[in-house]
Amino acid sequence: MVQTTPFLLVLSLALVAPGLSARKSVLTGCWTNDLGSNMTIGNVDESGNFAGSYLTAVKNTPNKIQESPLRGSQNYMNENNEPTFGFTVNWSFSDSITVFTGQYFVDDNGREILKTLWLLRSSVRNIKEDWKATMVGTNTFQRLHSNK
Ligand code: BTN
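If you're wondering where the values come from, they're calculated on a predicted model, not measured in any experiment.

1. Comments concerning the sheet that holds strand β8 (residues 134-143)
One closed barrel accounts for eight strands, arranged β1-β2-β3-β4-β5-β6-β7-β8; its pairing is antiparallel. Across this sheet, the average inter-strand angle for adjacent strands is 30°, counted without regard to direction. Pairing of strand β1 (residues 29-33) with β8, which is carried by three bridges, proceeds in the antiparallel orientation. Residue Thr32 lies in a different strand from β8, and its bridge partner there is Gln142.

2. So, the pairing of strand β7 (residues 112-121)
Sheet topology places strand β6 (residues 97-106) next to β7; 10 bridges connect them, and they run antiparallel. Along β7, the bridge assignment pairs Val106 with Glu112. Linking two consecutive strands that pair antiparallel, namely β6 and β7, is a turn of five residues; a positive phi of about 80° is found at Gly110 within it. When β7 meets β8, the two strands line up antiparallel, connected through nine bridges. Following the sheet pairing, Leu114 is matched in β8 by Phe141.

3. Examining the side chain of Glu82
As for its placement among the helices and strands, Glu82 is situated in the loop between β4 (68-74) and β5 (84-90). Ignoring any residue separated from it by four or fewer positions in sequence, one finds Glu82 in contact with Gln103, Tyr104, Phe105 and Val106.

Calculation criteria
Residues numbered from 1 in each chain as written. Predicted model: local features only at pLDDT ≥ 70, side-chain atom pairs only at ≥ 80, totals over all residues. Heavy atoms only, no water. Pairing = 2+ DSSP bridges. Helix = DSSP H or I, 4+ residues; strand = E, 2+ residues; numbered from the N terminus. Axes fitted to C-alpha atoms, helices over the stretch in contact; angles between N-to-C directions. Contact = heavy atoms within 4.5 Å.

And the structure:
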């Protein structure tokens, strides 16, 4: 009885409030995009938070590309398990930041796709240059090492 009580507690919590229990996210794993950039997303916690790394294939700086950390959040509300999410990449080799927002989909061929829109904020010398500091674009990611 003493040993089964915590198990029953976790089980009933998972049944009553599935959004509060840990689970494997569809976002976890390795992804590549239409520019040839690669990213890895780690486990997503019960609040939807995750961390990972990003290796961009392109850059807007003379500096040498380095793998950079990302942090993000997944929304668990979607009933088809096609969640929305957002993440920030804090570039290790430049003074820029990129935020991505998007949604996970499974297409008609069964392929997993992340459709995203991003904002790349560059650092400018002063406030007069602020108007030209932000670029916008889209990226489509596919899962790397997919067995489909
Ligand atoms: C920089 O140049 O300062 C950092 C690298 C920015 C790479 C951008 S982020 C949006 C777009 N998608 C990618 O995969 N890479 C570029």
